[in-house]
Structure formats: C-alpha cells, structure tokens
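Structure assessment
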Amino acid sequence: MDTMLRQALRKHRELRNQFENCLLGEDGDRWEAEARKFLAKRPCWSNLQVGGQVTEPRLIIDCDADPFLPAGWRVEEHRQGGQLEWTKSLINLYLADGQKNGQWLGGHELRAVLKNQPVLNANMLDFLLKYPQLIPEEWKNGAVFFWGTIYRDSAVGLYVRCLYWGGGRWFWSWYPLGVDWDASRPAAVRAS
C-alpha cells in the first residue's frame, strides 16, 4: 500500500471511529440523516438540541455593520438598525399612500415619506440572500426594497437595492430614485 495513503488513513482513523460510534449510538438515525445532507452539500444540523427539545438556531443580522458596496458606488445614507434576531414576523412590507390604487410616487418623494418608517437596510437584504429559504413565498410577485441604505454612483444618481425572484432563484438588483414607484415596489420595514 502506498505510504501516503497509509498515512492519510491513519490520520483520519480517529475521526472515522468517532463517526462510526455516533452512527451506532442512541442518536444514530439522526447522525445518518445529517451525514446524508452533508454529503449532498445541503445544510445539515440546522436544528439544535437544547434541554431535550429541538430548536432552531438563533440567526442574528448585524444591521449596524457597513453594507456591501457594489463596484463604483458609495453609500449616501445607511440607517443603522442594531442587532436583529431573525423571526418570521420581523419584516412587513410597506406601501406609501401614493403607491396604492394604481398611483405612482416619485422616488425622492417616497424617500421623504419613508424617513418616518422603520425601513430595513441592505444588510438585511444580504442576510436574506444568504438564507433564501427564509424569504416569504409571496415576495416572488415583485421586488422588495431596502431603503435603509441608499447608494450613489457618479453617472445617474441615487439607488436603492432590492430583492427579487427570477429564473428560479433570488437576486439583488437596484432601482433609481429619479423614477416613479408603484405598488410592485414595497419597502421592507421592521414589524412593530
């Protein structure tokens, strides 16, 4: 047997033995199920055992951190939002009166209206792209905008990033403030 192969097998023997003991142990079925997820490159061990109960892990979004900065852009405004723990009821979608009933509202006017709303910033958008399974199914009908971070580029002006569904997956895009906004472009706000 090749010396390198023998060394590699010896090196991982302890790990293999530990894994086999877990498979043969009391929670063997759970270990096997999670190992199969791992081998399929799917998230595994997504539930944690706490005091005999299975609970979801806590997911914290740092809405105080500097946001992602696309090439050639700079941050015009970034409203910090603290450390938020993810829950299904964390986000509401908000439409200003001027966006409802077939109406359109200018982007700069909408920005002024949203000054008094608890809008979420681009850090939340990027968190949701990292965990797309958390995004509500009904959001697939349009784009959701994260007005807590406003960007500027040198060519056109101000932008707000959004989350949208296309081609069977979630993406981020942007929309300029210099155009009109309708009901298909709600703002993501923190639920009260």
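Now for a look at the structure at hand. (Residues numbered from 1 in each chain as written. Predicted model: local features only at pLDDT ≥ 70, side-chain atom pairs only at ≥ 80, totals over all residues. Heavy atoms only, no water.)

1. Side note on unusual backbone geometry
Positive phi outside glycine occurs at Asn101, with the angle close to 55 degrees. Inspection of the secondary structure puts Asn101 in the loop between β6 (91–94) and β7 (105–106). Residue classification places Asn101 among the exposed positions, given a relative accessible area of 75%. (Helix = DSSP H or I, 4+ residues; strand = E, 2+ residues; numbered from the N terminus. Buried < 20%, exposed > 50% of the residue type's maximum accessible area, 1.4 Å probe, protein only.)

2. Some points on a nonpolar patch on the surface
Together, Phe19, Leu23 and Leu24 give the surface a local cluster of nonpolar side chains, amounting to about 290 Å² of exposed area. As for its placement among the helices and strands, Phe19 is situated in helix α1 (residues 3–24). (Patch = residues over 30% accessible without salt bridge, like charges linked within 9 Å, V, L, I, M, F, W, Y side chains within 5 Å. Areas by Shrake-Rupley, 256 points an atom, 1.4 Å probe, with all protein chains shown as cover. Salt bridge = Lys/Arg side-chain N within 4 Å of Asp/Glu carboxyl O.)

3. Overview of the side chain of Asp153
With respect to the helices and strands, the residue Asp153 is situated in strand β8 (residues 143–153). In this structure, Asp153 is buried with no salt-bridge partner, the nearest side chain bearing the opposite charge being Arg152 at 7.0 Å. In this structure the side chain of Asp153 is engaged in a polar contact, spanning 3.1 Å, whose partner is the side chain of Tyr159. Residues contacting Asp153, with those up to four places away along its chain left out, are Gly72, Trp73 and Tyr159. (Lys, Arg positive; Asp, Glu negative; His and termini not counted. Polar contact = N/O pair within 3.5 Å; in protein donor to acceptor, adjacent residues only side chain to side chain. Contact = heavy atoms within 4.5 Å.)

4. Points about the pattern of salt bridges
This model, assessed by the stated rule, comprises ten salt bridges. Across the pair Glu77 and Arg79 runs a salt bridge whose closest N-O atoms are separated by 3.6 Å. On the accessibility criterion, Glu77 (16% relative accessible area) is buried. For Arg79, a relative accessible area of 22% gives the class partly exposed.

By themselves, these are just geometric observations and shouldn't be taken as functional.
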